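Topology and contacts: notes
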Amino acid sequence: MLSFSRKNGSNDMSDKNTANAMWGGRFAAGPDAIMEAINASIGYDKRMARQDIEGSRAHAAMLAARGIISDSDATAIREGLLTVLSEIEDGTFEYSTALEDIHMNVESRLKELIGEPAGRLHTGRSRNDQVATDFKLWVRDQMDAAVTGLEALMSALLGQAEAGADTVMPGFTHLQVAQPVTWGHHMMAYVEMFARDRSRFADARVRMNESPLGAAALAGTAYPIDRDMTAQALGFDRPCANSLDGVSDRDFALEFLGAASLCATHLSRLAEELVIWSSVQFGFVQISDRFSTGSSIMPQKKNPDAAELIRAKVGRINGALMALLTIMKGLPLAYSKDMQEDKEQVFDAADSLMLALAAMTGMIADVTPDKGALRQAAATGFSTATDLADWLVRSLNMPFRDAHHVTGALVKMAEDAGCDLHELSLADMQSVEPQISAGVFDVLGVDNSVGSRVSYGGTAPAQVRAQIARWRKVLS
C-alpha cells in the first residue's frame with residue numbers, strides 16, 4: 001500500500017497542507033494522488049534512517065560550533081533526533097508518503113517533539129547534499145559488511161584447503177580432465193578470487209570517503225559552515241572539493257554494484273561447481289542437508305538449491321548495475337529527480353550479495369569431498385600425459401614439440417587398448433620411442449604428478465600449504 005498514517009491520524013493522500021508545509025509557499029495546491037505516489041520514496045529510503053539521523057546530528061553540532069544556531073537549539077535537535085531513532089528502531093515510528101522521504105519524515109517528527117528548533121536543522125544544507133551523504137554512509141556500511149562477509153568465506157575455504165592439501169582430484173579445462181591437482185589447490189583458487197573482490201570493495205571505500213554534506217543544493221552555502229568538522233564527525237577523510245560534483249556523484253554506488261557484480265560472478269562459478277560435483281554423475285562432494293532440499297514427488301532427490309539460488313543472484317545484481325548505469329548516463333549536473341531511482345537497485349543488490357555470501361560460507365564449511373571418487377577421477381582421461389611429455393624432455397633431452405607428438409601416439413595406443421598410460425608395458429612404449437626407460441613410470445601416478453608441480457602457485461601440497469599460511473597471516 002502507498003498510504004501510511006501519521007501519529008495524528010490524518011489521511012496522507014488527502015493531507016495537502018502537510019505536504020505544502022514541506023514544499024513551502026510556492027505551491028497553492030497539494031499533489032495529486034498519482035504524483036504523490038510516483039514522487040514518494042519513503043517506502044524504501046527509510047532504510048537510511050540511521051544514516052540520516054547520524055548526518056543531521058553532526059550537522060546540528062557544527063551549526064552550533066560555528067554560531068549559526070544556538071547551543072540550546074542544537075542540543076534539543078540532537079536529543080530529539082535520538083528519540084526519533086529509538087522510535088524507528090523499536091517499530092513505533094509511523095511513516096508518511098505525503099512527506100515523501102526519510103529526510104522529511106524525520107524532520108516532521110522532530111518538529112512534533114521539540115517544536116521550533118527543528119526548523120533550524122536544515123540551515124546551510126539541502127536535501128540534495130543530505131541524501132548524497134546518507135546514501136554514501138549507507139553504501140560505506142555495505143562495503144564494510146561485504147569485506148567482513150568475504151573474509152568469513154575465505155576462512156571457510158582455507159579450512160577446506162588445509163584439510164585437503166594432499167587430496168588429489170582432476171583439474172579441468174573445457175570441463176574435460178586435464179591434469180591432476182589437489183582439492184586444496186582448487187579451494188585456494190577461490191580464495192584468490194574472493195581476495196580480489198575484498199580488495200575492490202576496500203579500494204572503492206577509500207575513493208568514496210569524501211563528504212557531500214555542506215554542498216547544499218549545488219553551489220555551496222553562504223553560511224560560515226565547517227565542512228571539515230562534519231566530515232570528521234561522520235568518518236569521512238575530507239569534504240568533497242566541488243559542490244556540483246558532491247550532490248550529483250553516484251560513482252560510489254556504481255562502484256559498489258560493480259564490485260558486487262564481480263563478487264556475485266565468482267560466487268556463481270563456485271556454486272556451479274558445487275552443483276556439478278554433487279550430482280550422481282560426478283559424485284565428488286556431499287552438500288550438507290542444511291543447504292539442500294528434497295523433491296515433492298521424487299523421494300530420492302537431494303537438490304543443491306542453495307547453490308542454485310546463489311548462482312541466480314548474479315542476475316539480480318548485474319541487473320541493478322545496468323539499471324543504475326542507465327539512470328545516470330544522460331543526467332546533466334547537478335541533481336535530477338531521476339536520481340531518486342538509484343537506491344532500490346543498490347538496496348536489493350546489497351541484500352542479495354550478503355545473503356549469497358552467508359549461504360556460500362555455510363555450504364563451504366559443511367561440504368564433504370569424496371576423496372576416493374576424486375582420486376579415481378583424477379586418474380582418468382590420461383591426466384598425466386603432460387607429465388609424460390615433460391619426462392621425455394627432461395630425461396631424453398627431446399624438444400617439447402617432439403615429446404608432445406610421442407606422448408600423443410602413446411595416448412592413442414592406450415586409448416585403443418582401453419587402458420591408461422601407466423598400464424602400458426615398457427615394451428609398448430618403446431615401440432613408439434625406443435629410448436624410453438622404466439623411469440617413466442615414476443611420473444605417471446597422480447601423486448607423483450601433483451607432487452612435481454612445485455613452481456610458485458602450483459598444486460604441489462607444499463606450495464598449497466605455503467599459500468594457506470600466507471592467507472591465514474593476512475586475514476589474522
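Now for a description of the structure that goes with this document. (Residues numbered from 1 in each chain as written. Predicted model: local features only at pLDDT ≥ 70, side-chain atom pairs only at ≥ 80, totals over all residues. Heavy atoms only, no water.)

All right, on to the packing of aromatic side chains then. One pass over the full model with this rule turns up 10 aromatic pairs. With a centroid separation of 5.5 Å and 50° between ring planes, the pair formed by W183 and W277 is classed as tilted. Taken together, the positions of W183 in helix 8 (residues 183-208) and W277 in helix 11 (residues 251-277) put the pair 94 residues apart, joining distant regions of the chain. For the pair shown, W183 and W277 are each scored as buried. Three or more aromatic residues link up through ring pairs in this structure, and these residues are F135, W138, F252 and F347. Lying across the ring of F347, R47 places its NZ or CZ 5.1 Å from the centre. (Phe/Tyr/Trp six-rings, centres within 6.5 Å; stacked < 30°, edge-to-face > 60°. Helix = DSSP H or I, 4+ residues; strand = E, 2+ residues; numbered from the N terminus. Buried < 20%, exposed > 50% of the residue type's maximum accessible area, 1.4 Å probe, protein only. Lys NZ or Arg CZ within 6 Å of the ring centre and 35° of its normal.)

For the peptide bond that leads from L333 to A334, omega is 5°, which places it in the cis range. Within the fold, A334 resides in the loop between helix 12 (305-328) and helix 13 (343-366). Positive phi is not limited to glycine here, since E100 has a value of about 70°. Despite not being glycine, N397 shows a phi value in the positive range, around 55°. When you line up the elements, N397 lands in the loop between helix 15 (385-396) and helix 16 (400-417). Judged by its relative accessible area of 67%, N397 is exposed.

Read these as spatial facts, not as claims about activity.
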